[in-house]
Amino acid sequence: MNFKSDTNEYRNPVKANYPGREDELSLHSGFALYLLRKRKDTGLSKMDEIFEKIEQIGKELAPDGDYKLCLTGHSMGGALATLCGFYCGAKPRFAHLSTIYIWTFAAPRVGTHAFIHAYQYLERTNRIRHARFSCTNDIVPLIPFCNFEHDDLQFYKHVGMRIQLHDTDRVGQWRLHNSLDVTYPLNHDWPSEMQRVLANNILANLTTPKGFKECHILREYQRRLHFAMTYRRALGLSTLNSDQRRKDIKTLDEYYLIRGNILSNGISEKIVNMWKVDMEKNKGAQSALAPPADLANSAPEEEGDDQFCNCIIL
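Cut-offs applied
Residues numbered from 1 in each chain as written. Predicted model: local features only at pLDDT ≥ 70, side-chain atom pairs only at ≥ 80, totals over all residues. Heavy atoms only, no water. Helix = DSSP H or I, 4+ residues; strand = E, 2+ residues; numbered from the N terminus. Buried < 20%, exposed > 50% of the residue type's maximum accessible area, 1.4 Å probe, protein only. Contact = heavy atoms within 4.5 Å. Areas by Shrake-Rupley, 256 points an atom, 1.4 Å probe, with all protein chains shown as cover. Patch = residues over 30% accessible without salt bridge, like charges linked within 9 Å, V, L, I, M, F, W, Y side chains within 5 Å. Salt bridge = Lys/Arg side-chain N within 4 Å of Asp/Glu carboxyl O. Lys, Arg positive; Asp, Glu negative; His and termini not counted. Charge placed at Lys NZ, Arg CZ, Asp CG, Glu CD. Axes fitted to C-alpha atoms, helices over the stretch in contact; angles between N-to-C directions. Parallel < 35°, antiparallel > 145°, perpendicular 65-115°, else oblique. Left-handed = near helix turned anticlockwise from the far one by under 90°. Nonpolar A, V, L, I, M, F, W, Y, C, P; charged D, E, K, R; others polar. Core = buried A, V, L, I, M, F, W, Y, C linked by side-chain atoms within 4.5 Å. Pairing = 2+ DSSP bridges. Expected span 1.5 Å × (residues − 1). pLDDT = per-residue confidence, 0-100.

In this section: the overall build of the protein. Secondary structure assignment for the protein yields 10 helices and 7 strands. The 314 residues of the protein split such that 47% are buried. Across the protein, contacts joining residues at least 24 apart in sequence account for 73% of those joining residues at least 6 apart. In the structure as shown, the protein presents an accessible area of about 16,900 Å², 55% of it carried by carbon and sulfur atoms.

A cluster of acidic residues, E9, E22, E24, D151 and D152, forms a negative patch at the surface. Relative to the helices and strands, E22 resides in the loop between β1 (7-11) and β2 (24-28). Using a relative accessible area of 33% as the deciding quantity, one classes E22 as partly exposed.

Look at helix α2 (residues 46-61) against helix α3 (residues 76-90): their axes get within 11 Å of each other, and the N-to-C directions meet at 65°. When the axis of α2 is compared with that of α3, the two are roughly perpendicular. As for how α2 packs across α3, the hand of that crossing is right-handed. Contacts from M47, I50, F51 and I54 of α2 reach α3 at L83, C84, Y87 and C88. Classifying every residue of the contact of α2 with α3 gives 8 nonpolar, no polar and no charged.

Right, let's get into the nonpolar core. Within the largest apolar cluster, 37 residues are counted, with the highest numbers of intra-cluster contacts made by L27, F86, C88 and F115. If we skip the residues at most four places from it in the chain, L27 touches D6, T7, N8, Y10, A32, L36, L83, Y87, V110, G111 and F115. The next biggest cluster of nonpolar side chains, apart from the first, holds 25 residues, and it includes L165, Y221, F227 and L252.

With respect to the secondary-structure elements, S45 resides in the loop between α1 (29-36) and α2. Judged by relative accessible area, S45 falls into the buried class, the value being 4%. What S45 contacts, discounting residues up to four positions off in sequence, is L35, L36, R37 and K38.

Secondary-structure assignment places E49 in helix α2. On the accessibility criterion, E49 (28% relative accessible area) is partly exposed. Separated by 14 residues in sequence, E49 and L35 place their C-alpha atoms 9.4 Å apart. With residues near it in sequence (within four places) discarded, E49 still touches R39 and L44.

All right, on to the sheet that holds strand β3 (residues 70-74) then. Whether parallel or antiparallel, the strands of a sheet pair through hydrogen bonds between backbone atoms. Strand order in the open sheet formed by 5 strands is β3-β4-β5-β6-β7, and the pairing between neighbours is mixed. The open sheet has two free edges, formed respectively by β3 and β7 (182-183), since each of these has just one partner strand. Looking at chain direction, strand β6 (residues 161-165) and β7 are connected through 2 bridges and run antiparallel. By the bridge assignment, R162 is partnered in β7 with T183.

Below, the discussion takes up a nonpolar patch on the surface. Taken together, the side chains of F145, L153, F155, W190, M194 and V197 make up a nonpolar region of the molecular surface, amounting to roughly 650 Å² of accessible area. As for its placement among the helices and strands, M194 is situated in helix α6 (residues 190-199).

In a regular helix each residue adds 1.5 Å, so 15 residues correspond to 21 Å; α3 covers 22 Å between its end C-alpha atoms and thus fits that length. In terms of burial, α3 is a largely internal element, 13 of the 15 residues being buried.

Here the focus is the confidence of the model for the protein. On average, the protein scores 84 in pLDDT, and the residues at 70 or more come to 84%. Overall, residues 285-314 carries pLDDT values under 50, and its contacts beyond four positions in sequence, including any with other chains, amount to 65 contacts.

This part is about the packing of α1 against α3. For the pair α1 and α3, the least separation of the axes is 10 Å and the interaxial angle reads 60°. In terms of axis orientation, α1 runs oblique to α3. Pair α1 / α3 crosses with right-handed handedness. Of the residues in α3, those in contact with F31, A32, Y34, L35 and L36 of α1 are M76, A79, L80, L83, C84 and Y87.

Enumeration according to the criterion identifies 13 salt bridges in this entry. Here D253 ties to R129 by a salt bridge, and the two come within 2.7 Å at their closest N and O atoms. Here R129 lies in strand β5 (residues 128-135) and D253 lies in helix α9 (residues 252-260), a separation of 124 residues in the sequence. Take D253 and R129: they sit in the same class, and that class is buried. Its salt-bridge partner being R162, residue D181 comes within 3.0 Å of it at the nearest N-O pair. One end of the pair, D181, is in the loop between α5 (170-178) and β7; the other, R162, is in strand β6, and 19 residues separate them in sequence. When its relative accessible area of 23% is taken as the criterion, D181 is described as partly exposed. Among the ionic contacts, a cluster of salt bridges with common partners joins R39, D41, K46 and E49.

So, in structure tokens, the structure goes:
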């Protein structure tokens, strides 16, 4: 399944009309077939079985149906979590749920240009939020590149908010000292696409076979994530070189506003004001991807257990 690169066409589950919409989505054949192919004995797909299990467990936890849904996965599991979260956000059976959160580690690409447009529509309408963690020198998040079909060549696109985790050496500390490496594919013009190709190519992340294995395991992701959190906090608390912004733990929704111009509830007033100032400096450079919203009505949510789903620990 991991070594496939070809795509299959699937009907777009998002019925709304949005920029770049297509009736068919090109998805990675291995991941999509595993989730969407129907069994001969029951007529149900793996995705249908997952949906039924989610509803069963959700009603046990919250009989009124008001439960929180989060999905996570590592490597191939991250690819499956990406697809599953997308279909959960698009299906009317889960429309009563609040925002669905997806956390993936070392996840490969799963879809092409039509998929990213559908995915970002669900992000702009606050149906899904996706934190995609990747380690420097881990090549799994950089594949597959294209479907290698001569009659219908398509390039794979990553979705979600990428959090790049650098090593804990001097180079990694220098990168963290400047800023957290958090990016979002906001623009889809040729200069932006070429910039992402140059920054996320296999040649720039080649390492030894031993290094590849060490960079890909989940334990290494946990180590780098913990280092990023503690190092940035230490910079904020430093006596000689203190930067108070560095010690703040931003939520995933706040990064969606900062990097993607996507506004939602639960964002602190401080972050909203910083975003306003940046947009004023850019003189109306706010992306057309951002949905119309009243900033005055974006009051932060009350502190409580719900904040767990929104914490990015960075």
